[in-house]
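Structural features, examined
Chain by chain, the residues run as shown.
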Amino acid sequence: MNLSEFHSCAICPRECRIDRTRAKGYCQAGTELCINLAQLHFGEEPPISGTRGSGTIFFSHCNLRCVFCQNYKISLQGQGRSISTNELLSLFYTLQQQGAHNINLVTPTHYSMILREIIAQAKADRLTIPVLWNSSGYEKVSSLQQMKGLIDIYLPDFKYYHPVYAKKYSGAGDYPVVALNALREMVSQCGFLQLDAEGIAQKGVLVRLLVLPHALAGTQNSLRLLADEFGPDLPLSLMAQYYPAGRAKEYPELNRGITTAEYQAVLDVAQALGFTHIYTQELSSDDSWTPDFVTYESQSIAQTGEFK
Ligand code: SF4
């Protein structure tokens, strides 16, 4: 493996410029791939999970490190194990053999330089299912350009509209600008999400927007921005699954789930803007948060036009 990109790491917008062979940057990742979990996952949006599951691989560490991360043990605490490139390659084939509709790389950005080579090798060999890049959206255009032709489906978040909250909760005041540029690059590479005759995603971009309490993500404004930029055919996943995980309890305003009114306000704006391809999540009937309400694993997502 070529280690040159590790010696002064600038693979993501943090541009730490540290030598990852000797020290840790903002993401805390070293030079070895580290994963927490690889399995068929059925809790993604319907065209991603399909009937046989998404071949999900969770990478340890993260370059965004949101205080409310629902996978904080993996992303913030770095739980996981080192894995060789050959082992990862084998995992791709195993998941494919198990029937996965895709290889779903979760939080992969800080390993881009390694993953490029592995994906290219897999595609040249016997990987035939789509490769999905499931990221925070906090990525450099130049890094994404090097993934061109390797990634079939992009599943980025668009987390914040307001720089002040991006800074406060993710230490990235430039997130809204960076994520919009990243999204432009993803759409230019792959277009909007395309499904096959069975309704399974084959190619394209699907954008995730996680609604935060008190409208702190600025989701309604993000929707207006995305409609202006990409038009109403941009496929969206409007996520209601927020709960106060990680360090969220240190921020009183983040220390509850969202209310039905908060979520409905987002759906109303999406509908008013004329978005045509939206996946929604069911919220519990009362406004109280409980730990098992719309969790990542048990979420219920429905394809709409009509809103749930
Ligand atoms: S990938 Fe990690 S070390 Fe490299 S620039 Fe980003 S945060 Fe810093």
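Before reading further, recall that the structure is shown in the block above.
Predicted model only: the values in this text are computed from it and were never measured. Every residue gets a number counted from 1 within its own chain, in the order that chain's sequence is written. Local features are withheld for residues below a pLDDT of 70 in this predicted model, meaning they are given only at 70 or higher, and side-chain atom pairs are given and counted only at 80 or more; totals for whole chains, interfaces and linings count all residues. Water and hydrogen atoms play no part in the side-chain values, which are based on all heavy atoms of the structure.

**Considering the nonpolar core**
Definition used in this section: a nonpolar core is a set of buried Ala, Val, Leu, Ile, Met, Phe, Trp, Tyr and Cys residues joined via side-chain atoms within 4.5 Å. Exposed residues in this analysis have more than 50% of their type's maximum accessible area, buried residues have under 20%, and partly exposed residues fall in between, with area computed by a 1.4 Å probe over protein chains only. Within the largest apolar cluster, 87 residues are counted, with the highest numbers of intra-cluster contacts made by F68, L88, F92 and L226. Sort the elements by how many residues they give to this core and helix α8 (residues 175–190) lands first, with nine residues. Residues contacting F92, with those up to four places away along its chain left out, are I57, I103, L105, I118, I119, A122 and L127. Counting residues in hydrophobic clusters, the runner-up holds eight residues, among them I48, L132, L155 and L206. Working definition: helices are DSSP H or I runs of at least four residues, strands are E runs of at least two. Numbering for both runs from the N terminus. Contacts between residues were defined by any pair of non-hydrogen atoms, one from each residue, lying within 4.5 Å.

**What about the packing of aromatic side chains?**
A pair of aromatic rings is counted whenever rings of Phe, Tyr or Trp (Trp by its six-membered ring) have centres within 6.5 Å, and the orientation is called stacked for planes under 30 degrees apart, edge-to-face for over 60 and tilted otherwise. If you walk through the whole model with that rule in mind, you get eight aromatic pairs. Their ring planes at 55 degrees and their centres at 5.7 Å tell us that F59 and Y111 sit as a pair that is tilted. With F59 in strand β2 (residues 54–59) and Y111 in the loop between β4 (103–106) and α5 (112–124), this residue pair connects regions lying 52 residues apart in the sequence. On the basis of relative accessible area, F59 is assigned to the buried category, the value being 2%.

**Regarding the pairing of strand β1 (residues 33–41)**
Here, any two strands with at least 2 DSSP bridges between them count as paired. Here β1 runs beside strand β3 (residues 81–83); their pairing, made up of three bridges, is antiparallel. Its bridge partner being in β3, L33 is matched across the sheet by I83. As paired elements, β1 and β2 share six bridges and run antiparallel to each other. Bridging across to β2, I35 finds its partner in F59.

**A closer look at the pattern of salt bridges**
Whenever Lys or Arg places a side-chain nitrogen within 4 Å of a carboxyl oxygen from Asp or Glu, that contact is recorded as a salt bridge. According to the stated counting rule, one finds 13 salt bridges in the structure shown. Note that E45 and R208 form a salt bridge whose closest N and O atoms lie 2.8 Å from each other. Of this pair, E45 sits in the loop between β1 and α2 (46–49) while R208 sits in strand β9 (residues 207–210), and the two are 163 residues apart along the sequence. Grouping residues by exposure puts E45 and R208 together as buried. The salt bridge involving E262 is made with R256; its shortest N-O contact spans 2.7 Å. By relative accessible area, which is 17% here, E262 ends up buried. Residue R256 is classed as partly exposed on the basis of its relative accessible area, which comes to 26%. Salt bridges sharing partners connect three or more residues here, namely E44, E45 and R208.

**Focus: the pairing of β2**
By the criterion of burial, β2 is predominantly enclosed, with six of the six residues buried. The side-chain alternation of β2 yields two buried faces, one formed by S54, T56 and F58 and the other by G55, I57 and F59. Note that β2 and β4 share four bridges and pair parallel. Looking across to β4, one finds that T56 is bridged to N104.

**Some points on the sheet that holds strand β7 (residues 194–195)**
Taken in spatial order, the eight strands of this open sheet run β3-β1-β2-β4-β5-β6-β8-β7, and their pairing is mixed. Each edge of the open sheet is held by one strand with a lone partner, namely β3 and β7. All axes here are fitted lines through C-alpha atoms, helices being fitted over the stretch that makes contact, and every angle between N-to-C directions spans 0 to 180 degrees. Those strands touched by α5 are β1, β2, β4 and β5 (131–134), and its axis lies near 165 degrees from that of β5.

**Looking at the site of the ligand**
If even one non-hydrogen atom of a residue comes within 4 Å of a molecule or strand, that residue is called near it. Close to the ligand lie C9, I11, C12, R14, E15, C16, R20, G25, Y26, C27 and H110. Residues were grouped as follows: Ala, Val, Leu, Ile, Met, Phe, Trp, Tyr, Cys and Pro as nonpolar; Asp, Glu, Lys and Arg as charged; and all remaining residues, including Gly, as polar. Partitioned by chemical class, the residues of the shell around the ligand number six nonpolar, two polar and three charged.

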